[in-house]
Each structure stands twice: as C-alpha cells, then as structure tokens.
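Given next are the chains, with one letter for each unit.
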Amino acid sequence: MVFNTRFALAEDYNLCQSQVDEYQNNGHILLRNVIPESEIAELRTTVLRTHEALKAEEEDFQKAFRITQNLWEINDTVRAHVLSKRYAGIAAKLLGCRDVRIYHDLTFFKEGLGKGKATPWHQDGHYWPLDTEGCITLWVPLIDCPVDMGPMSFVSGSHLNKNAEHLPISDESDEYIRNLVEKENLTVAPAQHMNAGDATFHSCWTYHAAASNTTERTRIAFAIAYYDADAKVPLQPPTNERRAANLARWFPGAVPGGPAATEKNPAVLFPRD
C-alpha cells in the first residue's frame, strides 16, 4: 500500500503549455484530478485526525474558516502528499522555476449552514516574508465542493500588482478590493464546482475570496504553499507583524539576504538542494 501511494504521488500530472500560460496570465487556475482518486479517502481521514491533534493551535479567521498548519511535520501520510513530486511539479511548471520549497501546509475548514461566513477578498502576500514573486498555493477540497459550499473566486490578472499588500484579511481588505474591481473594471473569475481531488493554484498576490458555506456539510479543504526554491529572505525587516511572526516561525535561523531554506522548507523535486 505504501509503495502504491508513493508511486501515485510521484507520477507526473499532464500539464500542457496552454494551462501554464493561463496561470501566468491570470494568476490562478483550476486543475482537475490533481490528487489521485485512490488517495483521497485516506488523505481526508488523516487530515481530519491530524487537525484534531493540533486543535489547541487552531486559528479561526472571523468565523470564515478554521485552520491548523504544518500537519506534515507530525503525520507521515500528510508528509507524503506535501512532499509529493506530482504536486510540486505542477507548482514549479506554473511558476516557471526549477524547483519549489515548502512554505507550510494548512487546513481550511468552513462550517456549514451559513456558520462558515464569507471569506473576505484579500492578497496572501501580506503574510509572506519572502523576496520573490514566485509564490503559489495549491488548494484542494477533500470532499466534493459545490459552489454553495464556498470554493474560491479570483480576480484575474491581479497578481501583477500589490495594491492590497498593506491589508490583512478583513472587512477592510474586502471593501478595498471590491472598490478596485469596480473602479478598474477588473475581471472576477467566479467560483466553480470542484470534485474532491480537484485543485486550484493561485499566486500569493492574486485577489481571492470565498462565499459562505450554506450546505449542511463542513467544507474540508487542504492547502500546500510553495515558493521558488531559489528565493531569499528580504534584506529589510518585515513590514508588518504577521510577516515578522511567519519569518520567525517558518524560517528559523534564516538571515536577511540569505536563502529561504531551513529544515522546515525542504526542496521537493531535488531534495538535496
């Protein structure tokens, strides 16, 4: 069983050039069947169990979603997925880099019956303490995720600017980006139905949001954040408290201007780097 799982997670995903172009133009893409079907049930069960093990560290973002982080450090099944060459290969091709490193993984649980409120529009880049444009997140539902469960919407092309960089995820970031979309006539790519194992990839600079979950089930989603393996830590100090906290937590011992490469940030495609 272990052999088959590792083989499935190492098998290349058939990504064509038009999909790479789509991502690089829009800053986001939806890909089908990223997680092999044979692996979804085990990963879902394991993520739920590991999330509970990290319950004391759970964060609740304005009742929009609940997260735990770095499950891969305490569970071998999650680790096999986070360090999967299949997923990392997609990320590297979309970014156009030779390899990617792990920033961290996250759960994204959104409660049903409207208890999981809408996720405000925001840019993840507010939180990323790296000197690179090569940042990307894989987001995958581990159960079928219809539109009314709250999959993500994106603003196409918004990864080419950092206009909302100064704002954490909040009602303020939501209003700010909504105003930008209207003022600049930006294109919103609406949420689409996702089957378990389908995945979106988006840049840390792409504006994105999610509606509330009005179904009866909790949305169970998992994410892996990657970055260009050659990225560095900025020379200048972090510009906000969350970046400072993330630099200390996810890059222990890294020095300003040096490589963003610690034991918490393994390279995936060429792991000896």
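The rules behind each value
- Residues numbered from 1 in each chain as written.
- Predicted model: local features only at pLDDT ≥ 70, side-chain atom pairs only at ≥ 80, totals over all residues.
- Heavy atoms only, no water.
- Helix = DSSP H or I, 4+ residues; strand = E, 2+ residues; numbered from the N terminus.
- Rg over C-alpha atoms; globule rule 2.2 N^0.38 Å.
- Buried < 20%, exposed > 50% of the residue type's maximum accessible area, 1.4 Å probe, protein only.
- Contact = heavy atoms within 4.5 Å.
- Areas by Shrake-Rupley, 256 points an atom, 1.4 Å probe, with all protein chains shown as cover.
- Lys, Arg positive; Asp, Glu negative; His and termini not counted.
- Charge placed at Lys NZ, Arg CZ, Asp CG, Glu CD.
- Expected span 1.5 Å × (residues − 1).
- Arc of directions from axis to C-beta.
- Core = buried A, V, L, I, M, F, W, Y, C linked by side-chain atoms within 4.5 Å.
- Disulfide = S-S within 2.5 Å.
- Phe/Tyr/Trp six-rings, centres within 6.5 Å; stacked < 30°, edge-to-face > 60°.
- Pairing = 2+ DSSP bridges.
- Axes fitted to C-alpha atoms, helices over the stretch in contact; angles between N-to-C directions.
- Polar contact = N/O pair within 3.5 Å; in protein donor to acceptor, adjacent residues only side chain to side chain.

**Student:** Hey, could you run me through the overall build of the protein chain in this one?
**Tutor:** A count of helical and extended segments in the protein chain gives seven helices and eleven strands. For 273 residues, the compact-globule formula gives about 19 Å, and the C-alpha radius of gyration of the protein chain, at 17 Å, lands near that figure. Its C-alpha atoms give the protein chain principal-axis dimensions of roughly 50 × 45 × 45 Å. Expressed as a percentage of its 273 residues, the buried residues of the protein chain come to 55%. When contacts within the protein chain are restricted to residue pairs at least 6 apart in sequence, those whose partners lie at least 24 apart make up 85%. When the accessible surface of the protein chain is split by element, carbon and sulfur atoms take 51% of a total near 12,500 Å². Positive and negative side-chain charges of the protein chain, numbering 27 and 36 respectively, have mean locations separated by a distance of 3 Å.

**Student:** Just to check I follow, could you spell out helix 6 (residues 171–184) for this structure?
**Tutor:** Each α-helix turn comprises 3.6 residues. Residues three or four places apart therefore point the same way. In this model helix 6 runs 20 Å from its N-terminal to its C-terminal C-alpha over 14 residues, within 8% of the 20 Å that 1.5 Å per residue would give. All buried positions along helix 6 are accounted for by Ser173, Asp174, Ile177, Leu180 and Val181. What you see down the axis of helix 6 is that its buried residues fit within an arc of 130°, all on one side. Seen from the open side of helix 6, the exposed residues pointing more than 90 degrees away from its buried face are Asp171, Glu172, Glu175, Glu182 and Lys183. Packed against the buried residues of helix 6 are strand 5 (119–122), strand 7 (152–156) and strand 8 (187–189).

**Student:** Sorry, what's going on with the nonpolar core here?
**Tutor:** Here is a general trend for soluble globular proteins: nonpolar side chains tend to be buried in one another's company. Counting 57 residues, the largest nonpolar core has Val34, Leu94, Phe201, Phe222 and Tyr226 as the members making the most contacts within it. Not counting chain neighbours up to four residues away, the residues in contact with leucine 94 comprise Leu15, Gln19, Val20, Tyr23, Gln24, Ile29, Ile136 and Phe201. Ranked by size, the runner-up nonpolar core spans 14 residues in total, among them Leu130, Cys135, Cys204 and Phe251.

**Student:** Whenever I open this one, the state of the cysteines confuses me. Can you help?
**Tutor:** By definition, a disulfide is the covalent link that joins the sulfur atoms of two cysteine residues. Enumeration according to the criterion identifies one disulfide in this entry. At a sulfur-sulfur separation of 2.1 Å, the disulfide partner of cysteine 135 is cysteine 204. Across the S-S bond linking cysteine 135 and cysteine 204, the dihedral sits near -55°, which makes this disulfide left-handed. Taken as a pair, cysteine 135 in strand 6 (residues 135–141) and cysteine 204 in the loop between strand 9 (199–203) and strand 10 (208–210) lie far apart in primary sequence, 69 residues in all. There is no disulfide at cysteine 97, and the cysteine sulfur nearest it, in cysteine 135, is 11 Å away.

**Student:** Help me understand the packing of aromatic side chains in this model?
**Tutor:** Each aromatic ring pair is described using two quantities: the centre-to-centre distance and the angle formed by the ring planes. Taken as a whole and assessed by the stated rule, the structure comprises five aromatic pairs. A centroid spacing of 5.1 Å and a plane angle of 25° characterise the contact between phenylalanine 61 and phenylalanine 65, whose relative ring orientation is stacked. An identical accessibility class is assigned to phenylalanine 61 and phenylalanine 65; each is buried. Connected via pairs of aromatic rings, a cluster forms that spans Tyr103, Trp128, Tyr227 and Phe251.

**Student:** Got a minute to help me understand the sheet that holds strand 10 in this structure?
**Tutor:** Spatial strand order, 5-10-7-8: four strands in an open sheet with antiparallel pairing. Sheet topology places strand 5 and strand 8 at the edges, where each strand pairs with a single neighbour. Across the sheet, the mean angle from the axis of one strand to that of its neighbour is 20°, orientation sign disregarded. In terms of strand pairing, strand 7 meets strand 8 through three bridges, oriented antiparallel. Residue phenylalanine 154 lies in a different strand from strand 8, and its bridge partner there is alanine 189.

**Student:** Sorry if this is basic, but what is going on with helix 7 (residues 241–250) here?
**Tutor:** Those residues of helix 7 that fall on the buried side of the exposure criterion are Arg243, Asn246, Leu247 and Trp250. End-on, the buried residues of helix 7 take up no more than an arc of 105°, which puts them together on one face. What points out from helix 7, more than 90 degrees from its buried face, is the exposed set Glu241 and Ala248. Of the surrounding elements, those touching the buried residues of helix 7 are strand 4 (100–110). Two to three positions downstream of the cap, the backbone nitrogen of arginine 242 sits 3.1 Å from a side-chain oxygen, assigning the N-cap of helix 7 to asparagine 240.

**Student:** Help me understand the pairing of strand 11 (residues 219–228) in this model?
**Tutor:** Burial within strand 11 is extensive, with ten of its ten residues counted as buried. Alignment of strand 6 against strand 11, held across seven bridges, turns out to be antiparallel. By the bridge assignment, cysteine 135 is partnered in strand 11 with tyrosine 227.

Purely geometric stuff here, so don't read any function into it on its own.
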